[in-house]
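Reading the structure
Chain residues, written in single-letter form:
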Amino acid sequence: DAGITQSPRHKVTETGTPVTLRCHQTENHRYMYWYRQDPGHGLRLIHYSYGVKDTDKGEVSDGYSVSRSKTEDFLLTLESATSSQTSVYFCAISVRTGGVETQYFGPGTRLLVL
Amino acid sequence: DAKTTQPNSMESNEEEPVHLPCNHSTISGTDYIHWYRQLPSQGPEYVIHGLTSNVNNRMASLAIAEDRKSSTLILHRATLRDAAVYYCILRDSSSNTGKLIFGQGTTLQVKP
């Protein structure tokens, strides 16, 4: 499982409140990613990081911010949660072997915004 | 990244082989073909990848057409645990971001 954990695994919050999701890895991988998964949309990339304090936007980054102050932790923050951000959030890391990158995913966080 | 086309769903009987097709007519020379699958209530997991030659691993086989415009993921003996959504994804080997673009995938149902 590449040592990836996500916390919390489930969260219910109210519209307008800030929410932070944590992704933790134990194997010192450089690249980390946050995806969201919604019915009918598959997985969509929110943000990714290519090192400590190095992050970039994905295809659905509006309303989200990220931070990576340590190699092992990648935080996703919803500054002011909205009902449209109700989703399942997956964190992933990328492992490069023989010139090919493979991603390994965490177990996911189910977020419900009321 | 080039796009892929997969059937929305497929059915198989347990212990029979399953061939999951993927079309990628705009594939470039540097694109690797990756397959991931997502079991119910879990994150996606890597299955197999290839560039030009057919590939085998403990999970599956990947057959790549000679012109590379299509590929087929082969599960040699489907089990109930293979019921999942299977994603065919093209990854540009020259890209250093590692980003994956997921389509809708194929939902595989395995009947006992």
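All of these numbers come straight from a predicted model, not from anything done at the bench.

Attention now moves to the overall build of chain B. Counting secondary structure elements, chain B contains 0 helices and 9 strands. Along its sequence from the N terminus, chain B presents helices and strands in the succession β-β-β-β-β-β-β-β-β. The C-alpha atoms of chain B give 13 Å as radius of gyration, which agrees with the globular expectation for 112 residues (13 Å, within 12%). C-alpha extents for chain B along the principal axes are approximately 40 × 30 × 25 Å. When burial is assessed residue by residue, chain B has 46% of its 112 residues classed as buried. Accessible surface, chain B as shown: approximately 5,700 Å² in total, 46% of it carbon and sulfur.

This brings us to the pattern of salt bridges. Within the structure shown, the criterion is met by 9 salt bridges over all chains. The partner of A:Asp38 in a salt bridge is A:Arg44, and the shortest N-O contact between them spans 2.9 Å. Owing to a relative accessible area of 11%, A:Asp38 belongs among the buried residues under this scheme. Between B:Glu45 and B:Arg37 there is a salt bridge, with the nearest N and O atoms lying 2.7 Å from each other. Taking the relative accessible area as the measure of exposure, B:Glu45 reaches 28% and is therefore partly exposed.

All right, on to the interface of chain B and chain A then. Contact residues are listed per partner, giving 22 residues for chain B and 20 residues for chain A. Here chain B is connected to chain A by 0 salt bridges. Summed over the shared surface of chain B and chain A, the number is 4 residue pairs in polar contact (both at pLDDT 80 or more). With 4 residues, strand 3 (residues 31-38) of chain B is the largest single contributor of residues to the side of chain B that touches chain A. Considered class by class, the residues forming the side of chain B that touches chain A number 7 nonpolar, 13 polar and 2 charged.

Right, let's get into the pairing of strand 1 (residues 4-7) of chain A. All names here are of chain A. Here strand 1 shows one buried face, formed by Ile4 and Gln6, and one open face, formed by Thr5 and Ser7. Two strands pair when backbone bridges link them, and strand 1 and strand 3 (residues 19-25) are joined in this way by 4 bridges, in the antiparallel orientation. Among the inter-strand pairings, glutamine 6 is bridged to a residue of strand 3, identified as cysteine 23.

Let us look at the sheet that holds strand 1 (residues 9-13) of chain B. All names here are of chain B. Read across the open sheet, the 5 strands follow the order 1-9-8-3-4; overall the sheet is mixed. The sheet terminates laterally at strand 1 and strand 4 (45-50), the two strands that pair on one side only. Direction aside, the axes of adjacent strands within the sheet are offset by 25° on average. Direction of pairing for strand 1 relative to strand 9 (residues 106-111): parallel, over a ladder of 5 bridges. From the neighbouring strand, serine 9 faces strand 9, where its bridge partner is threonine 107.

Criteria and cut-off values
- Residues numbered from 1 in each chain as written.
- Chains lettered and ligands numbered in written order.
- Predicted model: local features only at pLDDT ≥ 70, side-chain atom pairs only at ≥ 80, totals over all residues.
- Heavy atoms only, no water.
- Helix = DSSP H or I, 4+ residues; strand = E, 2+ residues; numbered from the N terminus.
- Rg over C-alpha atoms; globule rule 2.2 N^0.38 Å.
- Buried < 20%, exposed > 50% of the residue type's maximum accessible area, 1.4 Å probe, protein only.
- Areas by Shrake-Rupley, 256 points an atom, 1.4 Å probe, with all protein chains shown as cover.
- Salt bridge = Lys/Arg side-chain N within 4 Å of Asp/Glu carboxyl O.
- Contact = heavy atoms within 4.5 Å.
- Polar contact = N/O pair within 3.5 Å; in protein donor to acceptor, adjacent residues only side chain to side chain.
- Nonpolar A, V, L, I, M, F, W, Y, C, P; charged D, E, K, R; others polar.
- Pairing = 2+ DSSP bridges.
- Axes fitted to C-alpha atoms, helices over the stretch in contact; angles between N-to-C directions.

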